[in-house]
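Observations on the three-dimensional arrangement
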Amino acid sequence: MQPQTSAMSQEEEYKLKDTKPQLGERWPHGILRGFGGWIGGDKVTSTYDLVEQMYYLYVRVVRAKDLPVNTLTGSCDPYVEVKLGNYRGKTRHFEKKMNPEWNQVFAFGKDKIQSTVLEVFLRDRDMVGRDDYLGRVSFDLHEVPTRVPPDSPLAPQWYRLEDRHGDTKLKGEVMLAVWMGTQADEAFPEAWHAEAASVHGEGVYNIRSKVYVSPKLWYLRVNVIEAQDVEPLDKSQPPQVYVKAQVGNQTLKTKLCPVRTTNPFWNEDLVFVAAEPFEEQLVLTVENKASSSKDELVGKATLPLTIFPRRLDHRPVDCRWFNLERFGFGMLEGDQGNQLKFSTRVHLRVCLEGGYHVLDESTMYLSDQRPTARQLWKQPIGILEVGILSAQGLLPMKTKEGRGTTDAYCVAKYGQKWVRTRTVIDSFTPKWNEQYTWEVYDPCTVITLGVFDNCHLGVTEKPSTGSATTKDSRIGKMRIRLSTLEADRIYTIAYPLLVLQPSGLKKMGELQLAIRFTCLSLLEIPSNEHCSSSACQGRATPQERSGRIPAGCRLPYVEHEKKQSKFLQDHLVVFRTDLYDKVAR
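Here the structure is a predicted model, which is why all the values come from computation and not from measurement.

A word on the overall build of the protein. Looking only at helices and strands, one finds eight helices and 31 strands in the protein. Residues classed as buried in the protein amount to 48% of the 585 residues present. Contacts in the protein between residues far apart in sequence, at least 24 positions, make up 68% of those at least 6 positions apart.

We now examine the environment of leucine 134. Turning to its location among the elements, leucine 134 is positioned in strand β7 (residues 132-140). Here the alpha-carbon distance between leucine 134 and arginine 123, two residues 11 residues apart in the chain, equals 5.1 Å. Discounting chain neighbours no more than four positions away, the residues touching leucine 134 are Pro68, Cys76, Leu122, Arg123, Asp124, Leu161 and Leu170.

Here the focus is the pattern of salt bridges. One pass over the structure, following the stated rule, counts 30 salt bridges. Taken together, the shared-partner salt bridges connect Arg221, Asp269, Arg311 and Glu353 into one network.

On to the packing of aromatic side chains. Across all of its chains, the model carries 12 aromatic pairs by this definition. Measuring from centroid to centroid gives 5.8 Å for tyrosine 409 and phenylalanine 452, while their planes differ by 15°, and the two rings are stacked. Of this pair, tyrosine 409 sits in strand β25 (residues 408-414) while phenylalanine 452 sits in strand β28 (residues 446-453); the two residues are 43 residues apart in sequence, bridging distant segments of the chain. For tyrosine 409, a relative accessible area of 4% puts it in the buried group. An aromatic cluster of three or more residues is present, and its members are Tyr56, Tyr58, Trp179 and Phe188. When the ring centre of tyrosine 133 is taken as reference, the NZ or CZ atom of arginine 164 above it lies at 4.0 Å. One Lys or Arg, lysine 417, reaches over the ring of tryptophan 438 and ends 5.4 Å from the middle of that ring.

Time to look at the pairing of strand β15 (residues 265-275). Most of β15 is tucked away, with eight of its 11 residues classed as buried. As judged from the nine bridges shared by strand β12 (residues 217-228) and β15, these two strands associate in the antiparallel manner. When the bridges of β15 are listed, leucine 217 appears paired with alanine 275.

What follows is about the pairing of β12. Taken residue by residue, a regular strand's side chains alternate between the two faces of the sheet. Across the 12 residues of β12, 10 count as buried, placing the element largely inside the fold. In this structure, β12 lies alongside strand β21 (residues 345-353), joined through nine bridges in antiparallel fashion. By the bridge assignment for β21, glutamate 226 is matched with histidine 347.

Further remarks concern unusual backbone geometry. Here the bond from glutamate 276 into proline 277 is cis, since omega is 10°, no more than 30 degrees from zero. Checked against the element boundaries, proline 277 lands in the loop between β15 and β16 (281-291). Unlike most non-glycine residues, lysine 96 shows phi in positive territory, near 55°. When you line up the elements, lysine 96 lands in the loop between β4 (87-90) and β5 (101-109). The phi angle at aspartate 426 is positive, at roughly 50°, despite the residue not being glycine.

Next up on the list: the confidence of the model for the protein. Averaged over all residues, the pLDDT of the protein is 80; the fraction at 70 or higher stands at 78%. For the protein, the element scoring lowest by mean pLDDT is helix α6 (residues 534-538), at 35; β25 scores highest, at 96. Across residues 459-468, where pLDDT falls below 50, the model places 11 contacts with residues more than four positions away in sequence or in other chains. pLDDT under 50 marks residues 528-577. Its contacts with residues more than four places away, or in other chains, come to 74 contacts.

Nonpolar side chains tend to gather and get buried jointly when the protein is soluble and globular. Residues Ile388, Leu449, Leu511 and Leu513 are the most contacted members of the largest nonpolar core, which totals 36 residues. At the level of elements, β22 (382-392), β25, β27 (431-440), β28, β29 (473-481), β30 (490-501) and β31 (504-519) are the ones that each hand at least two residues to this core. Those residues in contact with leucine 513, other than ones at most four positions away along the chain, are Val386, Gly387, Ile388, Leu389, Leu449, Met478, Ile480, Tyr491, Thr492, Ile493 and Tyr495. Within the second largest apolar cluster, 31 residues are counted, among which are Val222, Val286, Val346 and Val350.

Turning our eyes to something else, we now look at empty space enclosed by the protein. By the definition in use, this model includes four cavities of 30 Å³ or more. Approximately 170 Å³ is the volume found for the largest cavity. Every residue lining the largest cavity is counted, 16 residues in all, and those nearest its centre are Leu217, His357, Asp360, Asp368 and Gln416. Residue composition of the lining of the largest cavity, by class: five nonpolar, five polar and six charged. The calculated volume of the second largest cavity comes to roughly 130 Å³. Residue lining of the second largest cavity: 14 residues in total, with Ala191, His193, Ala196, Ile207 and Arg208 positioned closest to the centre. Split into classes, the residues belonging to the lining of the second largest cavity amount to eight nonpolar, three polar and three charged.

Quick look at the sheet that holds strand β17 (residues 294-304) now. Consider a sheet: its strands pair through backbone hydrogen bonds, and that pairing is either parallel or antiparallel. The strand order across the open sheet built from five strands is β14-β13-β16-β17-β20, with neighbouring strands paired in antiparallel fashion. What marks the edges here is a single partner per strand, and that holds for β14 (250-253) and β20 (325-326). When strand β13 (residues 241-247) meets β14, the two strands line up antiparallel, connected through four bridges. Within β14, the residue paired with glutamine 246 across the bridge is threonine 251.

Position of threonine 405 relative to the elements: it lies in strand β24 (residues 403-405). Assessed through its relative accessible area of 0%, threonine 405 is described here as buried. Among all residues touching threonine 405, those that are not within four sequence positions of it are Pro396, Met397, Lys398, Thr399, Lys400, Asp426 and Phe428.

So, on to the environment of arginine 164. Tracing the sequence through the fold places arginine 164 in the loop between β8 (157-162) and β9 (169-182). C-alpha of arginine 164 to C-alpha of glycine 135: the two residues are 29 residues apart in sequence and 7.1 Å apart in space. When near neighbours in sequence (up to four residues on either side) are disregarded, arginine 164 contacts Tyr133 and Arg136.

Here is what the cut-offs are and how they apply
- Residues numbered from 1 in each chain as written.
- Predicted model: local features only at pLDDT ≥ 70, side-chain atom pairs only at ≥ 80, totals over all residues.
- Heavy atoms only, no water.
- Helix = DSSP H or I, 4+ residues; strand = E, 2+ residues; numbered from the N terminus.
- Buried < 20%, exposed > 50% of the residue type's maximum accessible area, 1.4 Å probe, protein only.
- Contact = heavy atoms within 4.5 Å.
- Salt bridge = Lys/Arg side-chain N within 4 Å of Asp/Glu carboxyl O.
- Phe/Tyr/Trp six-rings, centres within 6.5 Å; stacked < 30°, edge-to-face > 60°.
- Lys NZ or Arg CZ within 6 Å of the ring centre and 35° of its normal.
- Pairing = 2+ DSSP bridges.
- pLDDT = per-residue confidence, 0-100.
- Core = buried A, V, L, I, M, F, W, Y, C linked by side-chain atoms within 4.5 Å.
- 1 Å grid on protein atoms, 1.4 Å probe; cavity = no way out; pocket = protein on both sides within 12 Å on 5 of 7 lines; lining within 4 Å.
- Points joined across faces, edges and corners; volume = space filled by probe spheres on them.
- Nonpolar A, V, L, I, M, F, W, Y, C, P; charged D, E, K, R; others polar.

Now the structure itself:
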């Protein structure tokens with residue numbers, strides 16, 4: 001009976017849970033007593049209606065002018081310090097600048113406000129002794145205005161510097177803007193946050209929320225037709241050659257020409273994946289099989305990808321001859337005259353395929369099926385909105401100062417757009433409350449979300465991983481298939497974060513989301529009848545026919561003309577990993 005009870009409790013633990021967060025942008029009475037801008041009634045907007053509102057005091061430090069010069073050094077190295085209660089934030093300092101410009105924003109959460117007075121200090125940095133006081137400006141928080149998007153940003157104003165007691169005006173002015181707002185404010189992603197005051201240096205950039213767009217991927221089709229005048233180093237016998245092509249870390253070869261000849265023929269397709277803006281090059285080498293254990297280089301050509309045409313349909317591409325750089329005794333002996341008179345050349349038909357969707361994800365969890373060329377895209381059928389609210393019950397991922405801790409952030413990927421929330425420092429119950437939007441072109445797609453621990457914040461003690469490179473640890477992930485969502489309905493659900501370990505499936509916490517799919521056009525949604533037509537079934541993959549993937553003709557017909565080989569799909573996994581590492585960096 002006890003094992004059965006344990007199994008039932010474990011099953012309940014892995015189930016989805018309905019939640020009831022207080023969604024919507026509201027300015028309720030009594031947030032802070034006396035804050036005139038925050039107690040003006042229930043003001044409701046739809047800007048951030050899928051998250052719980054988090055209230056912030058924003059301070060934008062723009063610039064300063066006419067600052068006094070230090071009498072000893074004859075210069076001024078100014079910086080600004082923003083102080084609210086026990087929380088202090090500082091701008092970077094400038095050396096020998098009387099009119100510095102910072103344009104930096106500081107954000108203090110409602111729960112971090114410990115005082116009714118905001119102080120902004122200007123100081124002159126001293127490399128030896130105590131920093132010199134240049135002046136201050138103070139604000140009574142009762143008088144701070146409220147700004148709610150889509151209102152225009154609050155215009156900064158010039159403020160004259162005062163002495164420590166506020167009785168005397170000093171030389172110099174500072175331009176500031178101070179207002180009350182929420183996480184819907186445009187200044188929120190780039191702001192310095194009081195809750196992360198312990199993070200300094202490069203760590204400040206590692207904790208900010210970010211939005212990435214994946215580079216546009218193209219299939220590069222290289223049709224190797226033939227070569228002419230292949231001259232081996234050993235003139236006693238004709239060469240038996242093959243062509244090796246390389247794009248970045250991708251390397252493919254043709255088959256070995258079955259006969260020994262100076263004019264080999266292959267007519268083979270080599271397909272690569274290339275990413276805009278096409279900084280990599282196509283490197284072709286012709287190699288001779290001199291013996292069973294030795295390949296000698298006959299010639300080489302390096303071709304920029306920008307010279308090749310882009311094909312959007314089935315129309316044929318013109319072929320071209322390319323001369324190869326010579327290798328061998330002639331080059332070693334400096335026989336430049338022979339090199340210019342004679343050269344091996346290779347016959348190619350190369351193009352960038354824009355009518356295909358590059359499969360950079362598992363076909364079971366595709367988030368995008370559009371072809372590369374934007375001209376072939378259809379109109380979006382809907383909008384997907386996701387409010388990343390919080391996580392609950394996270395486990396310690398590392399140790400700091402002898403205790404377990406987690407610095408968590410959430411990543412969501414759908415289509416070409418990746419989003420990353422800000423990192424919440426040292427919390428097993430982080431609250432992000434960030435909302436993101438995607439255009440939906442196909443309901444039979446999947447959005448993937450994962451929670452990670454930020455390992456780049458200067459932690460001195462880290463678990464031993466056996467790797468010299470520190471990567472952020474994945475806490476857990478989950479997926480949502482859009483076809484399971486009802487249109488115009490808000491789902492507020494806590495999803496279990498699961499990780500498969502050698503000991504079995506383990507729950508690492510819960511991720512709380514608010515999700516809404518808004519349908520823009522029912523006419524654009526592929527019907528099941530159309531997807532099950534005989535024409536479509538004839539070109540469907542085995543997974544589609546078995547029902548594991550919804551079938552459909554949503555891509556141009558050229559997408560189904562020639563299926564990519566399993567080798568190419570496996571090759572894309574390696575390419576995708578390298579590419580996404582570059583994007584993350």
